[in-house]
Amino acid sequence: QVQLVESGGGLVQAGGSLRLSCAASGRTFSRYAMGWFRQAPGKEREFVVAISWSGDSTHYRDSVKGRFTISRDNAKNTMYLQMNGLKPEDTAVYYCAARRSYYSSTQTADYDYWGQGTQVTVSS
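One structure accompanies this document, and this report is about it. (Residues numbered from 1 in each chain as written. Predicted model: local features only at pLDDT ≥ 70, side-chain atom pairs only at ≥ 80, totals over all residues. Heavy atoms only, no water.)

Here we take up the overall build of the protein. Each helix and strand counted, the protein has zero helices and eleven strands in total. For the protein, the sequential pattern of α-helices and β-strands runs β-β-β-β-β-β-β-β-β-β-β. What you see for the protein is a C-alpha radius of gyration of 13 Å, in line with the 14 Å of a compact globule of 124 residues. If one aligns the C-alpha atoms of the protein with their principal axes, the spans along those axes are about 40 × 25 × 25 Å. Sorting the 124 residues of the protein into buried and exposed places 44% on the buried side. Long-range contacts, defined as pairs at least 24 residues apart, comprise 59% of the intrachain contacts of the protein with a sequence gap of at least 6. Carbon together with sulfur atoms contributes 45% to the accessible area of the protein, which is approximately 6300 Å² in total. Each charge class in the protein can be summarised by its mean position, and for the 14 positive and 10 negative side chains these summaries are 4 Å apart. (Helix = DSSP H or I, 4+ residues; strand = E, 2+ residues; numbered from the N terminus. Rg over C-alpha atoms; globule rule 2.2 N^0.38 Å. Buried < 20%, exposed > 50% of the residue type's maximum accessible area, 1.4 Å probe, protein only. Contact = heavy atoms within 4.5 Å. Areas by Shrake-Rupley, 256 points an atom, 1.4 Å probe, with all protein chains shown as cover. Lys, Arg positive; Asp, Glu negative; His and termini not counted. Charge placed at Lys NZ, Arg CZ, Asp CG, Glu CD.)

Here it is as structure tokens:
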């Protein structure tokens, strides 16, 4: 069992930056691939970025490439999402997710555990 808690969301102007964190409970964090997803009002949850359990493989949504950076610190059981150059269309609730696999996935159904989400609002 893994419990995930996101933090770091907030209100920022377009072009600004935020850093999200996802803290995981348990001693097997390093054996989970991790991902960030987001859900805007009235829309389905969508993939943003994912990372393998070792951190050596990442996969980004095209619209965030070059602006967002995912990382993880297995010693601290924490995953991060550095978001730069934020745009109003990035506004959403951001969720972290864990998958019992080395390999990450872009599909929500492939993840076993989810956090409660953190709100990111980008004003124009």
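This next bit is on the pairing of strand β4 (residues 33–39). Counting buried residues in β4 gives six out of seven residues, a clear majority hidden from the surface. Here β4 pairs with strand β9 (residues 92–99) via seven bridges, running antiparallel. The partner of Trp36 across the bridge, within β9, is Cys96. As judged from the five bridges shared by β4 and strand β5 (residues 46–51), these two strands associate in the antiparallel manner. Residue pairing in the sheet places Arg38 in a bridge with Glu46 of β5. (Pairing = 2+ DSSP bridges.)

Strand order in the open sheet formed by four strands is β1-β3-β8-β7, and the pairing between neighbours is antiparallel. Both edges of this open sheet fall to β1 (4–7) and β7 (68–73), since each of them pairs with a single strand only. Strand-to-strand twist in this sheet, taken as the mean axis angle between neighbours without regard to direction, amounts to 15°. (Axes fitted to C-alpha atoms, helices over the stretch in contact; angles between N-to-C directions.)

Take the packing of aromatic side chains next. This model, assessed by the stated rule, comprises seven aromatic pairs. When the centroid spacing of 5.5 Å and the interplanar angle of 90° are considered together, the rings of Trp53 and Tyr102 count as edge-to-face. Of this pair, Trp53 sits in the loop between β5 and β6 (58–60) while Tyr102 sits in the loop between β9 and β10 (113–114), and the two are 49 residues apart along the sequence. On the basis of relative accessibility, which here comes to 23%, the residue Trp53 falls in the partly exposed class. (Phe/Tyr/Trp six-rings, centres within 6.5 Å; stacked < 30°, edge-to-face > 60°.)

Now for the nonpolar core. If you look at the biggest cluster of nonpolar residues, it comprises 30 residues, and the most contacted ones within it are Trp36 and Tyr94. Those elements that place two or more of their residues in this core are β3 (18–24), β4, β5, β7, β8 (78–83), β9 and β11 (118–123). Apart from the residues lying within four places of it in its own chain, the contact partners of Tyr94 are Glu6, Leu20, Trp36, Phe37, Arg38, Val48, Phe68, Leu81, Met83, Gly117, Thr118 and Val120. Within the second largest apolar cluster, five residues are counted, among which are Phe37, Phe47, Ala50 and Tyr111. (Core = buried A, V, L, I, M, F, W, Y, C linked by side-chain atoms within 4.5 Å.)

To continue, consider the side chain of Asn77. Following the sequence through the fold, Asn77 ends up in the loop between β7 and β8. Sequence-distant contacts of Asn77, that is, excluding residues within four places in its chain, are made with Cys22, Ala23, Ala24, Ser25, Gly26 and Phe29.

Looking now at the pairing of β9. β9 sits mainly inside the fold: seven of its eight residues count as buried. Where β9 lies against β11, three bridges are found, and the strand directions are antiparallel. By the bridge assignment, Tyr94 is partnered in β11 with Thr118. Note: β9 against β10, two bridges, orientation antiparallel. Of the residues in β10, the one forming a bridge with Ala98 is Tyr113.

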